[in-house]
Amino acid sequence: MTQVATHIPQNPLECSDAAIKHLRGRLRAAGAPAIKLGLVESGCSGYMYELDFVESDNDSPPLVQVREDVPIFVPRSQLPMLQGTRVDYVTEGLNSMLKFENPRAEASCGCGESFAFRAETNAESIESPSSNAD
């Protein structure tokens, strides 16, 4: 991939062992080389996490690798809002899911599907996470 940064930034995503095992399994099942974690504007609070497989770099914005042990990339423009997020794979009752704990998130909606950032995070990062501009 030509649009990928080769360095791993300080304070990247933190992943539990369970999350790494789950993500490796998803990569293996999909036959994909890497995972892209991003944000989309959605829900009643503002943003939702979006996981996708990195198939090629042709249709994606410039990406930064944030994990070495399992290949996870984030859009460079969204790195300030995702940096420091802890990812875990949890089982609650009959449901298993990835759980995200973002230190910059301030509030979430009642259903838990979306969240909002502290005002200073929005001001210091990007205007729209779905933007392809860098």
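Residues numbered from 1 in each chain as written. Predicted model: local features only at pLDDT ≥ 70, side-chain atom pairs only at ≥ 80, totals over all residues. Heavy atoms only, no water.

What follows concerns the confidence of the model for the protein chain. Reading fine detail from the predicted coordinates is not recommended where pLDDT is low. Considering every residue of the protein chain, the mean pLDDT works out to 77; 66% of them sit at 70 or more. Within the protein chain, no element has a lower average pLDDT than helix α3 (residues 119-124), which sits at 46, and none a higher one than helix α1 (residues 17-30), at 95. For the stretch residues 121-134, pLDDT sits under 50, and the model shows 24 contacts to residues farther than four places along the chain or on other chains. (pLDDT = per-residue confidence, 0-100. Helix = DSSP H or I, 4+ residues; strand = E, 2+ residues; numbered from the N terminus. Contact = heavy atoms within 4.5 Å.)

A few words on the packing of aromatic side chains. In total, this model carries 1 aromatic pair according to the counting rule given. Between Tyr49 and Phe100, the aromatic rings sit 4.2 Å apart at their centres with planes inclined by 20°, giving stacked as the arrangement. Separated by 51 residues along the polypeptide, Tyr49 in strand β4 (residues 46-54) and Phe100 in strand β8 (residues 95-101) bring together distant segments of the chain. For Phe100, a relative accessible area of 22% gives the class partly exposed. (Phe/Tyr/Trp six-rings, centres within 6.5 Å; stacked < 30°, edge-to-face > 60°. Buried < 20%, exposed > 50% of the residue type's maximum accessible area, 1.4 Å probe, protein only.)

Examined against the element boundaries, Gln65 turns out to sit in strand β5 (residues 63-67). Residue class for Gln65 comes out buried when judged on its relative accessible area of 18%. Reaching out from Gln65, the side chain makes a polar contact with the backbone oxygen of Arg67 at a distance of 2.7 Å. (Polar contact = N/O pair within 3.5 Å; in protein donor to acceptor, adjacent residues only side chain to side chain.)

With mixed pairing, 3 strands are arranged side by side in an open sheet as β2-β7-β8. Looking at the sheet topology across the chains shown, the edges are occupied by β2 (14-15) and β8. Taken together, the 2 bridges between β2 and strand β7 (residues 86-92) define a ladder with parallel strand orientation. Counted as the bridge partner of Cys15 is Val87 from β7. Contacting β2, β7 and β8, α1 crosses the sheet at an angle of about 85° to β7. (Pairing = 2+ DSSP bridges. Axes fitted to C-alpha atoms, helices over the stretch in contact; angles between N-to-C directions.)

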